[in-house]
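Report on the structure
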Amino acid sequence: MNTFSQSEVEIEFPSHFPIKVVGAANDQLVQIIHDIIVQHDPEFSLAAIRANQSRSGKYHSLTLGVRATSKEQLDAIYNDLKACEWVLWAL
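None of the values given here were measured: they were computed from a predicted structure.

1. Some details on the nonpolar core
Residues Ile19, Val21, Ile33, Ile37, Leu64, Val66 and Leu81 are the most contacted members of the largest nonpolar core, which totals 20 residues. Aside from chain neighbours lying at most four places away, what touches isoleucine 33 is Val21, Leu62, Leu64, Leu81 and Val87.

2. What about the packing of helix H1 (residues 29-38) against helix H2 (residues 71-83)?
Packing of H1 against H2 leaves a shortest axis separation of 9 Å and a crossing angle of 150°. The pairing of H1 with H2 is recorded here as roughly antiparallel in orientation. Here H1 runs over H2; the crossing is right-handed. Residues Ile33, Ile36 and Ile37 of H1 form the contact with H2, whose participating residues are Ile77, Asp80 and Leu81. When the residues that make up the contact of H1 with H2 are grouped by side-chain class, the tally is five nonpolar, no polar and one charged.

3. Examining unusual backbone geometry
Cis peptide bonds are those with omega within 30 degrees of zero, and the linkage from phenylalanine 13 to proline 14 qualifies with -10°. Its place among the elements puts proline 14 in the segment before strand S1 (15-24).

4. Some remarks on the pairing of strand S2 (residues 49-53)
In terms of strand pairing, S2 meets strand S3 (residues 59-68) through five bridges, oriented antiparallel. Residue pairing across strands places arginine 50 opposite threonine 63, the latter belonging to S3. The antiparallel pairing of S2 with S3 creates a hairpin that spans five residues between the two strands, and glycine 57 there sits at a positive phi of about 80°.

Rules used in this analysis
Residues numbered from 1 in each chain as written. Predicted model: local features only at pLDDT ≥ 70, side-chain atom pairs only at ≥ 80, totals over all residues. Heavy atoms only, no water. Core = buried A, V, L, I, M, F, W, Y, C linked by side-chain atoms within 4.5 Å. Buried < 20%, exposed > 50% of the residue type's maximum accessible area, 1.4 Å probe, protein only. Contact = heavy atoms within 4.5 Å. Axes fitted to C-alpha atoms, helices over the stretch in contact; angles between N-to-C directions. Helix = DSSP H or I, 4+ residues; strand = E, 2+ residues; numbered from the N terminus. Parallel < 35°, antiparallel > 145°, perpendicular 65-115°, else oblique. Left-handed = near helix turned anticlockwise from the far one by under 90°. Nonpolar A, V, L, I, M, F, W, Y, C, P; charged D, E, K, R; others polar. Pairing = 2+ DSSP bridges.

The structure is reproduced here in structure tokens:
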């Protein structure tokens, strides 16, 4: 399991935190990612997701802006994203 440590990243909380997610092309991917994030950031909205499709149409790249309140919250978000079968990677 990859998690942040205080020595790796210095973040002041609360803050706006960008997350990049790449997943298999699926019409429901944006809604699936929204449902994951809203569990950790109840104020997160679909409007906070920017989506792009790969040239081949095989993948979707999503950029999310979450309201990060703690290191533990970010770790939980990344763990849930990585557990999603549609997500290939999350940064």
